[in-house]
Each structure stands twice: as C-alpha cells, then as structure tokens.
Amino acid sequence: MKLRLLTSLLGFVLLAGGITHAADSASVYPNKPIHLIVGFSPGGSADTVGRALAEGLSTRLGQPVIVENKAGANGNIAAEMVARAVPDGYTIYFPSIGHAVNASLYKNLPYDPVKDFTAIGGVFSAPNMLVVPINSPYKSVADVISAAKANPGKLTFASSGSGTSVHLSAELFEKMAKIDMIHIPYKGTGNAMPDVISGQVDMSFPNLPSAVPQVKAGNLRALGITTAKRSAAAPGIPTIAESGLPGYEMATWYGLVAPANLPVAIRNRLNKELQSILADPKFKDKLIAQGADPMPGTPEQFSQLIKSEIERWRKLIAQSQITIE
C-alpha cells in the first residue's frame, strides 16, 4: 500500500515538474535561434515567401529564424523531420497543400499529417492558371471542354509531377467537366513550360508566378484562374468557374505547423506574430507579387482546413487512381 502511494506521488511530482518545465520554457520563449523548415528547393515561390516570413518572425521574436530547405517527395522529407523534432517551438514547418494531399498519395506515409503536428496558422492561398499555347485554337474554357468531349483521350496536359497542385488542378477539371485527357508529368514546372509553349502539350495549370510572365510575354494564352475569385495579380483573367465550369475551385495554400504537443503558450505566441506579419503592407505586397493572398486565422481554423483538405483530395485521388510508392 505504501509502495503504491509512493509511486503515485512520484508520478504526480514528475507530471507537475513536466508541466512546470513546459510553462517555464514558454515564458522565456524564444531564447535561441528558430529553424523554419521549407519542403522545397531554394529560389521557388515557396522559398521566397518562406524567407520573407522568417525575416518577419525574426524581427518580432527577437531571435534569428533560419530557413532550412529539405526538398523531396512533395514535402514528405521535411514533414517527417519536423514530426520527429522536439515540440519546443524551435523547429517549425512551412507546409503546402501537399501536406494534405500526401495522406492519400503515398501508401506508407511515415507520419500522420494531423496527429503528429500542431497547427499554428495559415499563411497564404494562391491560384493556378489554365494556360494553352498562344497559337492554340482554344480561346476559352468552354472551347477546351468542347474539344475534349469531341476527342476523348486525345488532349494532353502537362504537370510539374504526379500529385502536385498543377496535376490535381487538371484532374479536378477533368472530373467536373466529365472529360478524359492524357497526363504528361514533368520534373517541375520549369521543365514543362517549353513543351506547352511550343504546342507539344495542349495545356497546363501552372501556378501564377510561373504562368504570368509567359502570358505577358505572349508565349501562352490564359483561359482561367483556378480559385473561386479572381486574382489581384491577374485581375483581367476570369475564373474557371465563371468561364464554363461552375463550382470549380482549386487553391494552393501554405501555413505554419510545429511538432505535436507544442505548448499552447508558444503556439499562441507564434500565431500572434504570424497575424502581425500577414497584416504588414510590405509582406502583403510580396504575396500579391507572387499571385497569392494572405490567409490569416486561428490555429483551430488552419487545423480544420488541413483536415477538410485531406478528405477532399482523398476522394479525387481515389477516383483518379493516383498513387506514388
């Protein structure tokens, strides 16, 4: 009886000590550099925004925020690294929509995209753009749908790789329009663009930073924006939904997460500083230049977005039979 009581008291002391330690850590947070993990290579739009975000956090938190690029497997390498990190607020992750898509795309994901992370908040959302070669006979979304229905299995679309937002934008387009096209995957949008411009591939759905310069240069014709509303970066381009496919909507998004069990005080501090950054005119201008819109909100709202996106893309991936080993 005495041994059981002693064990219970010891457990209580250890638990209380752990809670006190977490509270103490949160009260002095941060007191050393923070590492922001980006799941893509340097130089891309995600990296550009991630570095601007790191700069804003560093200024507001009073500690250096170091960007680490851990590219590969549509963000899986970076996500697994963060999932296994200590939940002390010194390792945070800048996930994309791929964080939700990968849950269905990969059969043996080495982490749970919800349970193994603490949501901090959304950062931005951005559209992709349906483009065709400048000499294409297709002048509108309706033209593409009509041609695809008249020639099932003949029209081609390029993507930056299986399971990317470029690929899923096209798959969603196919399913909603009830058409059948051929997917031509490339290793990145940069590799796909020359074949789209030359007309070797009929169309693509690249993100705005990749598409807009080619449209402005007269190499590509823009037919529609994938989001529900028009983009401030290309206000003259109608949405796909208003151009012949009502209800169509696809947005790429990014946010901030940390390992599971992050102390609530640290989570709230990071969210508070994130909201301040998103309200900063300079940061907002940088997002608009990338064709993106700020996505402010609470940790709970971002967590719910991740969960809803996992379910949404699970259905499309299953219907399209897309898998990556």
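Parameters and conventions
- Residues numbered from 1 in each chain as written.
- Predicted model: local features only at pLDDT ≥ 70, side-chain atom pairs only at ≥ 80, totals over all residues.
- Heavy atoms only, no water.
- Phe/Tyr/Trp six-rings, centres within 6.5 Å; stacked < 30°, edge-to-face > 60°.
- Helix = DSSP H or I, 4+ residues; strand = E, 2+ residues; numbered from the N terminus.
- Buried < 20%, exposed > 50% of the residue type's maximum accessible area, 1.4 Å probe, protein only.
- Lys NZ or Arg CZ within 6 Å of the ring centre and 35° of its normal.
- Expected span 1.5 Å × (residues − 1).
- 1 Å grid on protein atoms, 1.4 Å probe; cavity = no way out; pocket = protein on both sides within 12 Å on 5 of 7 lines; lining within 4 Å.
- Points joined across faces, edges and corners; volume = space filled by probe spheres on them.
- Nonpolar A, V, L, I, M, F, W, Y, C, P; charged D, E, K, R; others polar.
- Salt bridge = Lys/Arg side-chain N within 4 Å of Asp/Glu carboxyl O.

Novice: Give me the packing of aromatic side chains: which residues, what numbers.
Specialist: The tally for this structure, following the rule as stated, stands at 9 aromatic pairs. On the numbers, 6.4 Å between centres and 65° between planes, the contact of F40 with Y254 is edge-to-face. With a gap of 214 residues between them, F40 in the loop between β1 (34-38) and α2 (45-61) and Y254 in strand β10 (residues 251-259) connect regions that are remote in the sequence. Judged by its relative accessible area of 9%, Y254 is buried. Note on F173 and F205: the rings are 5.5 Å apart at their centroids and 55° apart in plane angle, and the pair reads as tilted. Remark: F205 occurs in the loop between β8 (203-204) and α8 (208-216) and F173 occurs in helix α6 (residues 165-177); sequence separation between them is 32 residues. Members of the aromatic cluster, each reached through a chain of ring pairs, are F40, F94, F124 and Y254. Note that K32 overlies the ring of Y90, its terminal NZ or CZ placed 4.7 Å from the centroid.

Novice: Please give an account of α6 that cites residues and values.
Specialist: Its 13 residues give α6 an end-to-end C-alpha distance of 18 Å, which sits within 8% of 18 Å, the value for a rise of 1.5 Å per residue. Among the 13 residues in α6, 11 count as buried, and that is most of the element. Regarding α6, the residues found buried are S165, V166, H167, L168, S169, A170, E171, L172, F173, E174 and A177. Phi for K178, located one or two positions after α6, is positive at around 60°.

Novice: Describe α2, and please don't skip the residues or the numbers.
Specialist: Taking 1.5 Å of rise per residue, the 17 residues of α2 would be expected to cover 24 Å, and the 24 Å separating its terminal C-alpha atoms lies within 8% of that figure. Among the residues of α2, those classed as buried are A46, D47, V49, G50, A52, L53, A54, G56, L57 and L61. Looking one or two places after α2, you find G62, whose phi comes out positive at around 75°.

Novice: Got a sec to walk through the layout of surface pockets? Specific residues and values, please.
Specialist: Its boundaries defined by the atoms lining it, the largest pocket holds a volume of some 880 Å³. F40, S160, T164, N207 and Y254 are the residues nearest the centre of the largest pocket, which is lined by 41 residues in total. Looking at which element gives the most residues to the lining of the largest pocket, the answer is α2, with 4 residues. When grouped by side-chain class, the residues that make up the lining of the largest pocket number 18 nonpolar, 23 polar and no charged. Put simply, the second largest pocket is a space of about 300 Å³. What lines the second largest pocket is a set of 17 residues, and nearest its centre among them are S125, T227, E249, M250 and A251. For the lining of the second largest pocket, a count of residues per class yields 8 nonpolar, 3 polar and 6 charged.

Novice: Can you lay out the pattern of salt bridges for me, pointing to particular residues and giving the numbers?
Specialist: Enumeration over the complete set of coordinates arrives at 9 salt bridges. A salt bridge links R51 to D47; the shortest N-O distance between them is 3.0 Å. One end of the pair, R51, and the other, D47, are both in helix α2, 4 residues apart, so they sit about a helical turn from each other. For R51, a relative accessible area of 39% translates into the label partly exposed. On the accessibility criterion, D47 (4% relative accessible area) is buried. Residue E311 is joined to R314 by a salt bridge in which the shortest nitrogen-to-oxygen separation is 3.3 Å. Of this pair, E311 and R314 both sit in helix α11 (residues 299-320), 3 residues apart, roughly one helical turn.

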